[in-house]
Amino acid sequence: MIAVLDHPYLLFVVTVVVQWGAAYAGDAVRRHGTAPGEDKRADFDLVRAATLTLLGLIIGFTFQMAISRYDQRKTYEREEANAIGTEYLRADLLPAEDANKVRALLSKYLQQRVLFYTVDDAASLARVDSETTNLENALWQTASRAANANPTPPIALAVSGLNDVLNARGYTQAAWWNRIPLAAWGLMGLIAVAANLILGYGDRQTDSILLLVLPVVISIAIFLIADIDSPRGGVIRVVPQNLIALSQSLGGR
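Analysis parameters
- Residues numbered from 1 in each chain as written.
- Predicted model: local features only at pLDDT ≥ 70, side-chain atom pairs only at ≥ 80, totals over all residues.
- Heavy atoms only, no water.
- Helix = DSSP H or I, 4+ residues; strand = E, 2+ residues; numbered from the N terminus.
- Expected span 1.5 Å × (residues − 1).
- Buried < 20%, exposed > 50% of the residue type's maximum accessible area, 1.4 Å probe, protein only.
- Salt bridge = Lys/Arg side-chain N within 4 Å of Asp/Glu carboxyl O.
- Phe/Tyr/Trp six-rings, centres within 6.5 Å; stacked < 30°, edge-to-face > 60°.
- Lys NZ or Arg CZ within 6 Å of the ring centre and 35° of its normal.
- Core = buried A, V, L, I, M, F, W, Y, C linked by side-chain atoms within 4.5 Å.
- Contact = heavy atoms within 4.5 Å.
- Axes fitted to C-alpha atoms, helices over the stretch in contact; angles between N-to-C directions.
- Left-handed = near helix turned anticlockwise from the far one by under 90°.
- Nonpolar A, V, L, I, M, F, W, Y, C, P; charged D, E, K, R; others polar.

Given a rise of 1.5 Å per residue, 25 residues ought to cover 36 Å, and the 36 Å separating the end C-alpha atoms of helix α6 (residues 153-177) matches this to within 8%. Within α6, burial applies to I155, A158, V159, G161, L162, V165, A168, R169, T172, Q173, A175 and W176.

Under the counting rule described, the total for this entry stands at eight salt bridges. The partner of E80 in a salt bridge is R113, with the nearest N and O atoms 2.4 Å apart. On the criterion of sequence distance, the pair formed by E80 in helix α3 (residues 38-90) and R113 in helix α4 (residues 96-118) is long-range, its members being 33 residues apart. Across the pair R179 and D229 runs a salt bridge whose closest N-O atoms are separated by 3.0 Å. Here R179, found in the loop between α6 and α7 (182-202), pairs with D229, found in helix α8 (residues 208-229); they are 50 residues apart in sequence, far enough to count as distant.

With the rule as written, the count across this model stands at seven aromatic pairs. Geometrically, the ring pair formed by F12 and F223 is edge-to-face, given 6.2 Å between the ring centres and 75° between the ring planes. Of this pair, F12 sits in helix α2 (residues 8-32) while F223 sits in helix α8, and the two are 211 residues apart along the sequence. Owing to a relative accessible area of 26%, F12 belongs among the partly exposed residues under this scheme. Measuring from ring centre to ring centre gives 5.4 Å for W20 and Y24, while their planes differ by 20°; the resulting arrangement is stacked. Linking W20 with Y24, this pair stays in helix α2, spanning four residues, or about one helical turn. Under the relative-accessibility criterion, Y24 is labelled partly exposed at 40%. Pairwise contacts between aromatic rings join Y9, F12 and F223 into one cluster. It is R113 that lies over the ring of F116; its NZ or CZ is 4.6 Å from the centre. Here R232 stacks its cationic end above the ring of F116, 4.8 Å away from the centre of that ring.

So, on to the nonpolar core. Counting 56 residues, the largest nonpolar core has I84 and W185 as its most contacted members. Listed by contribution, the elements that provide at least two residues to this core are α3, α4, α5 (122-149), α6, α7, α8 and α9 (241-251). Once you skip the residues sitting within four places of it in the chain, I84 turns out to touch L106, Y109, L110, R113, V165, L243 and L246.

Two numbers describe how α2 lies on α7: the axes approach to 6 Å, and their chain directions differ by 35°. For α2 against α7, the interelement crossing comes out right-handed. In contact with L11, V18, Q19, A22, A23, A25, G26, D27, V29 and R30 of α2, α7 contributes W185, A192, V193, N196, L197, G200 and Y201. Looking at side-chain class alone, the contact of α2 with α7 contains 11 nonpolar, four polar and two charged residues.

Okay, here's the thing in C-alpha cells:
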C-alpha cells in the first residue's frame with residue numbers, strides 16, 4: 001500500500017478502475033435485482049447525498065493534512081539552509097585551522113543536503129545518508145576538539161551553531177517521514193467505493209459515461225493528495241531552493 005502511495009500515477013489508475021468497478025457492480029445489481037422504487041426514491045437520494053457529502057469532507061480534510069505536511073517540509077528546508085549558513089559564518093570563531101576545515105566540511109555537507117532533496121532511487125539516497133552521517137561526525141569531532149582545547153564563549157557559540165545544523169537535519173527527516181496515516185487512506189477509499197456503488201445502484205438507466213465521471217473526479221482528487229503527500233513521488237516536490245541559493249553564495253567566496 002505504501003509503495004502505491006509513493007507512485008501517484010499508479011494510484012490514479014488503480015482508484016479509477018476500482019471505483020468504476022464499484023459503480024458498474026451497483027448498476028449490475030440494479031439491473032438484475034430490485035431498484036429502489038419511487039416510494040423509496042427520496043430516502044435513497046438522501047442516503048446518496050449524505051454519502052457524497054461525507055466523501056467530500058474526508059477528501060477535504062485529507063487534502064489539508066497533505067498541504068500542512070508539504071508546508072512543513074518547505075519550512076524545514078529553509079531552516080536547514082539558515083542553520084548551515086549561520087554556522088559557516090560562526091566558523092570564524094574557531095581557530096584558523098579548525099575554521100578552514102569546518103567551512104570545507106560544511107560545503108560538502110551542503111552538497112549532500114541538496115542531493116537529499118533531488119535523488120530518487122534508494123541506492124543513491126542510501127549513499128547520500130551515509131556520506132551525510134560521515135560529514136556530521138567529522139564536523140562534530142573538529143568542533144568538539146577546538147572547544148575542549150580552548151573552551152571560550154565564542155567557540156561555544158560556534159559549537160552551538162553546529163548543533164543547530166545537526167538538529168535541522170533531524171527535523172527535516174522527521175517531516176519527510178510524517179505522512180498521511182494509512183487509516184485515513186483506507187477510510188477515504190472505502191467511502192469512495194461505497195459512493196460509487198450507490199451511484200450505480202441509484203441510476204434509473206445504465207449510462208456508461210455517467211458511471212465513469214465520479215470515479216475519475218474522485219481519482220483526480222486522490223492523485224493530487226498522494227502527489228503532495230509523497231516527498232519523492234509525482235510532480236509536486238519540495239525544491240531545495242534555499243539550499244541551492246546558499247550553495248551558490250558560498251561557492252563565490
